[in-house]
Amino acid sequence: MTTAGHRSAEEIGRTATGPRPVPELGAQKAAADLSHVDTVLSNGLRLLAVRKPTVPLVELRLRIPFGGTAPLHAATAEVLAETMLTGTARRDRIEIDTELALIGGELDTVVDPERLTISGNGLATGLPTLLDVLADALTAASYVDEEVARESARLVERLAVSRTQPRVIAREALLRHVYGDHPATREVPQAADVEQVTPEAVRALHTAAVLPRGSVLVIVGDIDPERIAGDVERALAGWSSEASAVPMPGLPEVTGGDLLLVPRAGAVQSQIRLIAESLPRTDPRYAALQLANLTYGGYFSSRLVENIREDKGYTYSAHSGFEFTGTTATVGVDADTANEVTAAALLETRYELGRLTVVPPSAEEVESVRQYAVGSLLTATSSQAGLASQLAALTAAGLGTEWLAEHPERVAAVTVDEVAQAALDFFAPTRFTGVVVGDAETLAPQLTALGGVVVGEPGK
């Protein structure tokens, strides 16, 4: 029942002659022309400054290549990231926090095998302070013994918890399966390694690796890009070196093959992780491959999600997507399932890969994912923070605002046949390998019966 003067949704959706037709989607708007400066400063730092005055704030992303092959590099880098903002020669932790709070700002530091990333934000009027604190940390972080010891102890506790998480276990197992002992596999350092890290080692790593040459600073917000280049040059004048930041060694190519069943005794759920070599954003075929991936498992209405989530209820979530590392890329598929349906979920996941290659996306499917691809990109970059993060990711491949502005046009120009060819070239089941993590005693009989699955050794 509805009150007088009000109609229900069902009533609004109908006319005397039947249901109202759903309006056609409107044309996607092209990305706005972004006023920007993209230059290399005298210290070798690439600066990408973009004006987006939607709110009187500014977002900052500094990405420093941070590769290393030493046994304790991952652990030392993690401690460095945890303690870099705990004090400098000029400011202690409280003074850093206070100065940032006065401009409504913050700075955070994270590290992975590929890069050290410093993210920050604050009022646009406080950008000079934000840059001064950043420069202070880059050139004079103190890594006081007590701070290093305190943060290392906390890190050891967090790592102990992290390594019990199924998704972390599955991620590490997948990386080791495809990359062996490559540094990329050390996303989560060993707690025992962290316990060996000394303040002297952290300070030495900072001196040797926190370098401007080869790094990228992205600033987005209510700024004047032309003027900001001079401001950054002056603020970071003391951060210099003739050496260059060290990139992570290139990844070996991922080749198709058997899946590895990684034993996790007593687990009641399983993690399915597949991976295959893909295309970087710089490749002319990337737009077509992007639409093929969306059709397969890249959004909620994809074939994979409709099959193993909506139709069969094997998993709460299933997804496929790209991972970009430098100038290379992979496409991954993941799903978490209950033990009793793991084999069935893997069978359907492989089935949908095969179906995508022999029953390619229809014109209707392509148009749907085309709208989604453009719309999601525009949505993701509509905020200052989203735009800054997107541009920071693009700079890793040497790209910038031009790629972002032109990509909707590339997506719009992709044909159904090009999507079908991308599906055939990159989504054939034989191109994939991966892992299934779970209770081997329960899972092995059915998984090995499917074929293409081998059982790994416990603890490996």
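Residues numbered from 1 in each chain as written. Predicted model: local features only at pLDDT ≥ 70, side-chain atom pairs only at ≥ 80, totals over all residues. Heavy atoms only, no water.

Peer 1: Explain the packing of helix H10 (residues 286-298) against helix H16 (residues 416-426) to me, please; I cannot follow it from the model alone.
Peer 2: Each pair of packed helices can be summarised by the angle the axes make with each other and by the distance between the axes. Contact geometry for H10 and H16: axes closest at 8 Å, N-to-C directions at 75 degrees. By the criterion of interaxial angle, the relationship of H10 to H16 is roughly perpendicular. Facing H10, whose interface residues are Ala 288, Leu 289, Leu 291 and Ala 292, H16 presents Glu 418, Val 419, Ala 422, Ala 423 and Phe 426. Looking at the contact of H10 with H16 residue by residue, the classes come out as eight nonpolar, no polar and one charged. (Axes fitted to C-alpha atoms, helices over the stretch in contact; angles between N-to-C directions. Helix = DSSP H or I, 4+ residues; strand = E, 2+ residues; numbered from the N terminus. Parallel < 35°, antiparallel > 145°, perpendicular 65-115°, else oblique. Contact = heavy atoms within 4.5 Å. Nonpolar A, V, L, I, M, F, W, Y, C, P; charged D, E, K, R; others polar.)

Peer 1: I tried to follow the sheet that holds strand S10 (residues 269-277) on my own but got confused; where do I start?
Peer 2: Strand pairing in a sheet takes place through backbone hydrogen bonds and is either antiparallel or parallel in direction. Read across the sheet, six strands follow the order S11-S12-S10-S13-S9-S14 without closing on themselves; strand pairing throughout is mixed. At either end of the open sheet lies a strand with only one pairing partner, and these are strand S11 (315-325) and strand S14 (453-455). Ignoring which end each strand starts from, the neighbouring axes of this sheet average 20 degrees apart. The pairing of strand S9 (residues 259-263) with S14 spans three bridges and is parallel. Along S14, the bridge assignment pairs Leu 261 with Val 455. With respect to the sheet, helix H11 (residues 303-311) is in contact with S11 and strand S12 (328-338), its orientation differing from that of S11 by roughly 150 degrees. (Pairing = 2+ DSSP bridges.)

Peer 1: Is there a simple way to think about a nonpolar patch on the surface in this case?
Peer 2: On the surface, a cluster of nonpolar side chains totalling about 200 Å² of accessible area is made up of Val 55, Leu 57 and Leu 123. Judged by relative accessible area, which is 36%, Leu 123 ranks as partly exposed. (Patch = residues over 30% accessible without salt bridge, like charges linked within 9 Å, V, L, I, M, F, W, Y side chains within 5 Å. Areas by Shrake-Rupley, 256 points an atom, 1.4 Å probe, with all protein chains shown as cover. Salt bridge = Lys/Arg side-chain N within 4 Å of Asp/Glu carboxyl O. Buried < 20%, exposed > 50% of the residue type's maximum accessible area, 1.4 Å probe, protein only.)

Peer 1: Even after reading the chapter, I still don't get empty space enclosed by the protein, so can you show me in this structure?
Peer 2: Picture a little ball the size of a water molecule; that probe, rolled over the atoms, points out where space is still empty. The final tally for this structure, using the stated rule, is one cavity of 30 Å³ or more. By volume, the largest cavity is sized at about 110 Å³. As for the largest cavity, its lining consists of 13 residues, of which His 73, Ala 74, Asp 112, Pro 113 and Arg 186 are closest to the centre. Among the elements that line the lining of the largest cavity, the one with the most residues is helix H2 (residues 73-83), at four residues. (1 Å grid on protein atoms, 1.4 Å probe; cavity = no way out; pocket = protein on both sides within 12 Å on 5 of 7 lines; lining within 4 Å. Points joined across faces, edges and corners; volume = space filled by probe spheres on them.)

Peer 1: Quick question: what am I supposed to make of the UniProt feature "domain: Peptidase M16 C-terminal" (unreviewed entry) in the protein here?
Peer 2: Per the UniProt record, "domain: Peptidase M16 C-terminal" (unreviewed entry) is found at residues 197-371. Along residues 197-371 the backbone is 40% helical and 24% strand, and the end-to-end C-alpha distance reaches 50 Å. (UniProt positions renumbered as here; feature names shortened; annotations may be inferred.)

Peer 1: How should I be thinking about the sheet that holds strand S8 (residues 216-221) in this particular structure?
Peer 2: The six strands are arranged S3-S4-S8-S5-S7-S6 in an open sheet whose pairing can be described as mixed. The sheet is open, and its two edges are formed by strand S3 (36-40) and strand S6 (106-111), each paired on a single side. Put simply, the sheet's adjacent strands are angled 10 degrees from each other on average, direction ignored. With six bridges joining them, strand S5 (residues 57-65) and S8 adopt antiparallel strand pairing. Bridging across to S8, Arg 63 finds its partner in Val 216. Most of the contacts of helix H9 (residues 225-235) go to strand S4 (residues 46-51), to which it runs at about 145 degrees, and overall it touches S3, S4 and S8.

Peer 1: Would you take a moment to explain the packing of H2 against helix H8 (residues 199-209) for this structure?
Peer 2: Between H2 and H8, the shortest axis-to-axis distance is 9 Å and the interhelical angle comes to 85 degrees. The pairing of H2 with H8 is recorded here as roughly perpendicular in orientation. In this structure, H2 uses His 73, Thr 76, Ala 77, Val 79, Leu 80 and Thr 83 to contact H8, whose residues at the interface are Ala 201, Val 202, Leu 205 and His 206.

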